[in-house]
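Coordinates in review
Chain by chain, the residues run as shown.
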Amino acid sequence: MSRRILIVDDEDDIREVAQMSLEMVAGWEVIPASSGEEGIRLAAEHRPDAILLDVMMPGMDGPATAQRLGEDAATSAIPIILLTAKVQAADRRRFEGLGVAGVLAKPFDPMDLARQVSASLGWPE
């Protein structure tokens with residue numbers, strides 16, 4: 001089943017690798033965004049099936065972006081998976097308190113990213 005994924009990450013390389021991975025491996029449509037503000041606008045406009053959201057970004061960071069998405073009726077039902085290099089237990093507990101569907105560690109294996117996203121969301125492969 002084809003999915004539409006919004007990737008929000010300020011790092012061009014990470015965004016491009018994730019986009020290529022999800023498009024080539026899983027055949028999903030990917031919408032890239034380089035900031036929290038752009039991600040919120042594109043989420044409302046395109047209503048993706050899921051959002052991959054970087055935690056550390058300048059300006060509006062991932063947790064603030066997730067909170068804003070959750071407060072908007074147009075985007076509150078879209079599952080969010082955080083992408084982060086901060087994978088310690090205390091960080092994970094804080095992130096899970098945001099009501100996100102999952103937390104994936106960076107760097108990620110591009111060949112395994114679609115499977116990790118599907119597993120986090122309970123999607124059949």
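If you're wondering where the values come from, they're calculated on a predicted model, not measured in any experiment. Numbering of residues starts from 1 in every chain and runs along the sequence as written. With the structure being a predicted model, the display of local features is reserved for residues of pLDDT at least 70 and the display and counting of side-chain atom pairs for 80 or more, all residues being used for whole-chain, interface and lining totals. With hydrogens and water excluded, all non-hydrogen atoms of the structure serve as input to the side-chain values.

Here we take up the packing of helix H2 (residues 36-46) against helix H3 (residues 62-71). To obtain an axis, a line is fitted to C-alpha atoms, over the contacting stretch when the element is a helix, and the angle between two such axes runs from 0 to 180 degrees between their N-to-C directions. Numbered from the N terminus, helices here are DSSP runs of H or I no shorter than four residues, and strands are runs of E no shorter than two. It is at 10 Å that the axes of H2 and H3 come closest, and there the two elements cross at 25°. The angle between H2 and H3 places the two elements in the roughly parallel class. The element H2 and its partner H3 pack so that their crossing is right-handed. Contacts between H2 and H3 involve Gly36, Ile40 and Ala43 from the former and Thr65, Arg68 and Leu69 from the latter. Under the scheme applied, nonpolar residues are Ala, Val, Leu, Ile, Met, Phe, Trp, Tyr, Cys and Pro; charged residues are Asp, Glu, Lys and Arg; polar residues are all the others, including Gly. The residue inventory of the contact of H2 with H3, partitioned by class, reads three nonpolar, two polar and one charged. Here is the rule for angles: anything less than 35 degrees is roughly parallel, anything more than 145 is roughly antiparallel, 65 through 115 is roughly perpendicular, and the remaining ranges are oblique. Take the far helix as the reference: if the near one is turned anticlockwise from it by less than a right angle, the crossing is left-handed, and if turned clockwise, right-handed. Residue contacts follow a heavy-atom distance rule, with two residues in contact if any of their heavy atoms lie within 4.5 Å.

The next subject is a nonpolar patch on the surface. Where nonpolar side chains cluster on the molecular surface, the patch consists of Met20, Met24, Val25 and Met111 and spans about 470 Å² of accessible area. By the secondary structure assignment, valine 25 is in helix H1 (residues 12-26). Residues enter patches when they are more than 30% accessible in relative terms and free of salt bridges; like-charged ones are connected within 9 Å and nonpolar ones (Val, Leu, Ile, Met, Phe, Trp, Tyr) within 5 Å. Method for areas: the Shrake-Rupley scheme with a 1.4 Å probe, in which residue coverage is limited to the protein chains shown. Counted as salt bridges are all cases of a side-chain nitrogen of Lys or Arg within 4 Å of a carboxyl oxygen of Asp or Glu.

Just distances and angles here, no functional claims.
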